[in-house]
Amino acid sequence: MDHSDEKMLEAKIRDLFAIARKNREYRASNFLDPGQQNLAETVVRSFPGMEYYFDGGYKEAERKVLVAYPDFLKDEPFHAPLGALRITPKDPDEHPGHRDFLGAMLGLGISREKVGDILVTKTGADVIVKQEITEYIGLNLLKVGSTPVSVEEISLKELLAPERRYKEMKSTVASLRLDAIASLAFGISRSKMAPFIKGENIRLNFRVVKDPSTPVKEGDIISASRLGRAKVLEVGGQSKKGRIYVRVHKYIS
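To keep things clear, this report deals only with the structure shown in the data block.

Each value, and the rule that gives it
Residues numbered from 1 in each chain as written. Predicted model: local features only at pLDDT ≥ 70, side-chain atom pairs only at ≥ 80, totals over all residues. Heavy atoms only, no water. Helix = DSSP H or I, 4+ residues; strand = E, 2+ residues; numbered from the N terminus. Rg over C-alpha atoms; globule rule 2.2 N^0.38 Å. Buried < 20%, exposed > 50% of the residue type's maximum accessible area, 1.4 Å probe, protein only. Contact = heavy atoms within 4.5 Å. Arc of directions from axis to C-beta. 1 Å grid on protein atoms, 1.4 Å probe; cavity = no way out; pocket = protein on both sides within 12 Å on 5 of 7 lines; lining within 4 Å. Points joined across faces, edges and corners; volume = space filled by probe spheres on them. Nonpolar A, V, L, I, M, F, W, Y, C, P; charged D, E, K, R; others polar. Pairing = 2+ DSSP bridges. Core = buried A, V, L, I, M, F, W, Y, C linked by side-chain atoms within 4.5 Å. Phe/Tyr/Trp six-rings, centres within 6.5 Å; stacked < 30°, edge-to-face > 60°. Salt bridge = Lys/Arg side-chain N within 4 Å of Asp/Glu carboxyl O.

## Points about the overall build of the chain
For the chain, the count of helices and strands is six helices and 14 strands. For 253 residues, the compact-globule estimate of 2.2 N^0.38 gives 18 Å, and the chain sits close to it at 20 Å. Considering only C-alpha atoms, the chain reaches an extent of 60 × 55 × 35 Å along its principal axes. Counting every position in the chain, which comprises 253 residues, the buried fraction comes to 43%. A separation threshold of at least 6 residues defines the contact pool for the chain, and within that pool the share at least 24 residues apart is 61%.

## Describing helix α6 (residues 190-198)
For α6, the complete set of buried residues consists of M193, A194, F196 and I197. Buried residues of α6 fall within an arc of 165 degrees about the axis and therefore sit on the same side. Those residues of α6 that are exposed and angled more than 90 degrees off the buried face are S191, K192 and K198. Of the surrounding secondary structure, the elements contacted by the buried residues of α6 are α5 (178-186), β10 (202-204) and β12 (221-224). In the segment just after α6, E200 is the residue with positive phi, at about 65 degrees.

## Describing empty space enclosed by the protein
On inspection of all chains with the given rule, the structure shows one cavity of 30 Å³ or more. A volume near 40 Å³ is recorded for the largest cavity. Along its surface, the largest cavity is lined by P89, E94, H95, P96, V120, T121, K122, T123 and G124. Residues that form the lining of the largest cavity fall into these classes: three nonpolar, four polar and two charged.

## Structural notes on the sheet that holds strand β7 (residues 143-144)
Ordered in space as β5-β6-β4-β8-β7, the five strands form an open sheet in which the pairing is antiparallel. At either margin of the open sheet sits one strand with a lone partner, and together these are β5 (115-121) and β7.

## Things to note about the side chain of T214
Among the structural elements, T214 can be located in the loop between β11 (207-208) and β12. You can call T214 buried: its relative accessible area is 18%. Ignoring sequence-local partners within four residues, the contact set of T214 consists of L176, R177, L178, L204 and V209.

## A word on the nonpolar core
In this structure, L178, I181, F186, M193, I202 and I222 are the most contacted members of the largest nonpolar core, which totals 23 residues. Among the secondary structure elements, those contributing two or more residues to this core are β9 (165-173), α5, α6, β10, β12, β13 (228-238) and β14 (244-252). The biggest single contributor to this core is α5, with seven residues. Beyond its immediate chain neighbours, meaning those up to four positions away, L178 contacts I197, I202, L204, V209, D211, P212, T214, V216 and I222.

## Remarks on the packing of aromatic side chains
Under the definition given, this model contains five aromatic pairs. Site record: aromatic cluster; members linked through ring pairs are Y26, Y53, Y69 and F78.

## What about the pattern of salt bridges?
The full count for this structure, using the stated rule, is 15 salt bridges. Of the charged contacts, one joins E62 and R229 as a salt bridge, the two residues approaching to 2.9 Å between their closest N and O atoms. With a gap of 167 residues between them, E62 in the loop between β2 (50-55) and β3 (64-70) and R229 in strand β13 connect regions that are remote in the sequence. According to the relative accessible area criterion, E62 is buried, its value standing at 17%. Classification of R229 by relative accessible area gives partly exposed; the value is 21%. Residues joined in a network through salt bridges with shared partners are E168, K170, E234 and R247.

This is a description of form; function is not addressed.
Here's what the structure looks like:
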């Protein structure tokens, strides 16, 4: 996000909390990526008496909606307005990818912020969306690329786990700097990773980062141009030499 996008998102989050407080009700945002979620968490601190949580439809969700509500409603039942669709190619030999499914939905005129995670499987994809657009997609999504598809609405409990392959790396690092963790994740020396970062080739939680010394924490997602994507799964204790144990997954497309 650039500065203007951040300001716009901040204004939307403030409006969300202000309306929830004024109307004494639950309010849900559109989907936010991890970087936007981090920004949202800095905004909510200025709304005492308000609570919030994120919901992406399943435990490991990356894109999530923000739900805001007055703290006196915390025991009131509320379900985030999320729906799920199963998109299946009619030809079992066709296997569209993540970009294909996303492109097909955006091609219907749907905003990216209305679409959550897309879980690609061997037989198609399960997609989390805002509830308000499930019927529209179901009636209008006929093809993904040139592949005819069928679409059915499913419950969130029926979501299939994404079949994501990854390579796991376990090692120790001198510090939790971005250049150190990215070097481990992508198999590039730290001396080469630093200028790669300064060249704006790395995104940390979907935000471009130019400083190699930027701190990284457990759960962070690192995206590198031409190199792929990785997640910091675990930050452990220290070795006898003071180095920090880390466990990283680099996803294999």
